[in-house]
Amino acid sequence: MLVYLADQGAKALVLTGLEVNETVPFIGELLQLHLVKNAGAAFSLGSGSTWIFAIIASLVVIALVVFARRIRSLGWAAVFGLLLGGTLGNLNDRLFREPGFGVGHVIDFLQLWGFPAIFNVADIGITSAMALFIILTLRGINLDGTRVTRAPKVAPSDAS
């Protein structure tokens, strides 16, 4: 919920202080605020399919809520929380922002020097969730907090 609230709060601030396509240095040129209204997904791909992204995001939210009951691990709880907050933040934009319900544009405003995309706090939550997902998966940690154990390899014995 923190990611969702931070995302929506940051978007509200940016919308009151910036015009579309206006750029303001935040941390010099390293991090700038640059307001865009994104009708697509990452890198503005699929701009004509906003409603499809809204449906997919809705399904992701439902899946996260269903699977959340199985979580017994703090790491996996963080993954689900970050992903849920980020997905809800961008879904909120698609459902309730202009130009209309289900086809609203996502508010993006963070631009890192040398990075080709402009993003928002929800995107940071989603990306962080995926990084943590990879770490937990590589470490073999299950949703219940147990670790995947592999049976030791048994060398073939001499049958003499």
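Higher on the page you've got the structure.
Calculation rules
Note on numbering: residues in each chain are counted from 1, in written sequence order. Owing to the predicted nature of the model, reporting of local features is limited to residues with pLDDT of at least 70; listing and counting of side-chain atom pairs is limited to 80 or more, with chain, interface and lining totals taken over all residues. Computation of side-chain values covers all heavy atoms of the structure but excludes hydrogens and water. For each residue, the accessible area found with a 1.4 Å probe, counting protein chains only, is set against the maximum for its type, and the residue is called buried under 20%, exposed over 50%, and partly exposed in between. Under the scheme used here, helices are H or I runs from DSSP no shorter than 4 residues and strands are E runs no shorter than 2 residues, and both carry numbers assigned from the N terminus. For two strands to pair, DSSP has to find at least two bridges joining them. An expected span of 1.5 Å times one less than the residue number is assigned to each helix. Note that the arc is computed from the directions linking the helix axis to the C-beta atoms. Between two residues, a contact is recorded if the distance between any of their heavy atoms is within 4.5 Å. Definition of a polar contact: a pair of N or O atoms within 3.5 Å, with one able to donate and the other able to accept a hydrogen when the atoms are protein atoms, and with sequence-neighbouring residues admitted only if both atoms are side-chain atoms. Angles run from 0 to 180 degrees between N-to-C directions of axes, and those axes are lines fitted to C-alpha atoms, restricted for helices to the stretch in contact. For any pair of crossing helices, the crossing counts as left-handed if the nearer helix is rotated counterclockwise from the farther one by less than a right angle, and right-handed if it is rotated clockwise. Amino acid classes used here: Ala, Val, Leu, Ile, Met, Phe, Trp, Tyr, Cys and Pro are nonpolar; Asp, Glu, Lys and Arg are charged; the rest, including Gly, are polar.

Participant: Pulling in residues and values, what's your account of the pairing of strand β2 (residues 31–38)?
Facilitator: Along β2, 7 of the 8 residues are buried, which leaves the element largely enclosed by surrounding structure. Direction of pairing for strand β1 (residues 23–27) relative to β2: antiparallel, over a ladder of 4 bridges. Across the sheet, Thr-23 pairs through a bridge with His-34, a residue of β2. The turn linking β1 back onto β2 is made up of 3 residues, and Gly-28 within it adopts a positive phi angle of 55 degrees. Where β2 meets strand β3 (residues 106–112), 6 bridges bridge the pair, whose relative direction is antiparallel. Along β3, the bridge assignment pairs Asn-38 with Val-106.

Participant: I'd like a rundown of helix α4 (residues 121–138), residues and numbers included.
Facilitator: A rise of 1.5 Å per residue sets the reference length of α4, with its 18 residues, at 26 Å; its end C-alpha atoms lie 26 Å apart and thus fit the reference within 8%. Every buried residue of α4 is listed here: Ala-122, Gly-125, Ala-129 and Leu-136. Projected down its long axis, α4 shows its buried positions confined to an angular sector of 55 degrees, all on one face. Opposite its buried face, α4 presents the exposed residues Thr-127 and Leu-138, each directed more than 90 degrees away. Summarising the contacts, the buried residues of α4 are in contact with α1 (2–17) and α3 (74–96). For α4, the side-chain oxygen to backbone nitrogen distance between the N-cap and Ala-122 is 3.0 Å, and the N-cap itself is Asn-120. Following α4 by one or two positions, Gly-140 adopts a phi angle in the positive range, close to 75 degrees.

Participant: Tell me what's going on with the packing of α1 against α3, and back it up with residues and numbers.
Facilitator: Contact pair α1 / α3: the axes reach a minimum separation of 7 Å and the direction vectors enclose 35 degrees. The hand of the α1/α3 crossing is right-handed. Between α1, through Val-3, Tyr-4, Asp-7, Gln-8 and Lys-11, and α3, the contact on the second element is made entirely by Leu-82, Gly-85, Gly-86, Leu-88, Gly-89, Asn-90, Asn-92 and Asp-93. When grouped by side-chain class, the residues that make up the contact of α1 with α3 number 4 nonpolar, 6 polar and 3 charged.

Participant: Summarise the sheet that holds β1; cite the residues concerned and give the values.
Facilitator: Taken in spatial order, the 4 strands make up an open sheet running β1-β2-β3-β4, and their pairing is antiparallel. The strands lining the two open edges of the sheet, one partner per strand, are β1 and β4 (118–119). Strand contacts of α1: β2 and β3, with the helix running at about 85 degrees to β3, the strand carrying the most contacts. Those strands touched by α4 are β3 and β4, and its axis lies near 75 degrees from that of β3.

Participant: Lay out the pairing of β3 in plain terms, naming residues and giving numbers.
Facilitator: Among the 7 residues of β3, 5 are classified as buried, and the element is accordingly described as predominantly covered. Summarising the sheet, β3 and β4 pair through 2 bridges and their orientation is antiparallel. Each bridged residue has a counterpart across the sheet, and for Leu-110 the counterpart in β4 is Phe-119. The hairpin formed by β3 and β4 contains 5 residues between the paired strands, and Gly-114 there has a positive phi angle of roughly 80 degrees.

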